[in-house]
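# Structural overview for review
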Amino acid sequence: MKLEVVVAIVHNDKKAYYSSLIQARQVNFQFSVPCKGTTHLLLGYLGLDERPKTLIGAVVREDEAQTVMEILNENFQKGKDYKGIAFTMPFSSMIGTLAYGFLSNEKIVKEQA
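The rules behind these values
- Residues numbered from 1 in each chain as written.
- Predicted model: local features only at pLDDT ≥ 70, side-chain atom pairs only at ≥ 80, totals over all residues.
- Heavy atoms only, no water.
- Helix = DSSP H or I, 4+ residues; strand = E, 2+ residues; numbered from the N terminus.
- Buried < 20%, exposed > 50% of the residue type's maximum accessible area, 1.4 Å probe, protein only.
- Contact = heavy atoms within 4.5 Å.
- Axes fitted to C-alpha atoms, helices over the stretch in contact; angles between N-to-C directions.
- Parallel < 35°, antiparallel > 145°, perpendicular 65-115°, else oblique.
- Left-handed = near helix turned anticlockwise from the far one by under 90°.
- Nonpolar A, V, L, I, M, F, W, Y, C, P; charged D, E, K, R; others polar.
- Expected span 1.5 Å × (residues − 1).
- Phe/Tyr/Trp six-rings, centres within 6.5 Å; stacked < 30°, edge-to-face > 60°.
- Lys NZ or Arg CZ within 6 Å of the ring centre and 35° of its normal.
- Core = buried A, V, L, I, M, F, W, Y, C linked by side-chain atoms within 4.5 Å.

## Comments concerning the overall build of the protein chain
- In terms of regular secondary structure, the protein chain is built from four helices and four strands.
- Reading the secondary structure of the protein chain in the N-to-C direction produces β-α-β-α-β-α-β-α.
- For the protein chain, the proportion of its 113 residues judged to be buried stands at 29%.
- For the protein chain, restricting intrachain contacts to residue pairs at least 6 apart in sequence, the fraction spanning at least 24 positions comes to 74%.

Set out below in structure tokens:
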């Protein structure tokens, strides 16, 4: 099973909400970092404050990636506070079957001799 990285940029106050949605889809590894939206410079020139954003990255099995994207898209439509953007990238290289087993949430992983 191949792996993908799901990247979502959401409002900072919804970080835990979106993180738990992603976690529910067999995700063993995710991270979040503070970030700025694409309009922060323009809003700064106008004297307007932009809401802080968080980037959430998660390693997801390929068969779960589409479901995660659909769940995120549905939640982005809930209202102004739930807005965000998400996309996937292929996870193309991995060394070690145990690390792969952890990231793919495989219950049985055989170690190579």
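## A short note on the packing of helix 1 (residues 15-23) against helix 3 (residues 62-76)
- The geometry of helix 1 relative to helix 3 is characterised by a closest axis approach of 10 Å and an angle of 150° between their N-to-C directions. As judged from the angle between their axes, helix 1 and helix 3 are roughly antiparallel. Of the two elements, helix 1 crosses helix 3, and the hand of that crossing is right-handed. Contact residues: helix 1 offers Tyr17, Tyr18, Leu21 and Ile22, while helix 3 offers Val68, Ile71, Leu72, Asn75 and Phe76.
- Each residue belonging to the contact of helix 1 with helix 3 can be placed in one class, and the counts come to eight nonpolar, one polar and no charged.

## Here we look at helix 3
- Over its 15 residues, helix 3 extends 22 Å from the first C-alpha to the last, a length consistent with the 21 Å expected when each residue adds 1.5 Å.
- Buried residues along helix 3 sit in contact with strand 1 (3-11), helix 1, strand 3 (53-61) and strand 4 (84-91).

## What to know about the packing of aromatic side chains
- What the rule picks out here adds up to four aromatic pairs.
- Their ring planes at 80° and their centres at 5.2 Å tell us that Tyr17 and Tyr18 sit as a pair that is edge-to-face.
- The exposure class assigned to Tyr18 is buried, which follows from its relative accessible area of 0%.
- We classify Tyr17 as partly exposed; its relative accessible area is 27%.
- Its guanidinium or amino end placed over the ring of Tyr82, Lys78 lies 5.5 Å from that ring's centre, counting from NZ or CZ.

## Some points on the nonpolar core
- With 14 residues, the main nonpolar core has Val6, Val10, Tyr18, Ile22, Val60, Val68 and Leu72 as its most contacted residues.
- Those elements that place two or more of their residues in this core are strand 1, helix 1, strand 3 and helix 3.
- Ranked by residue count, the leading element in this core is helix 3, at five residues.
- With sequence-adjacent residues up to four places away left out, Ile22 is seen in contact with Val27, Gln30, Ile56, Ala58, Val68 and Leu72.

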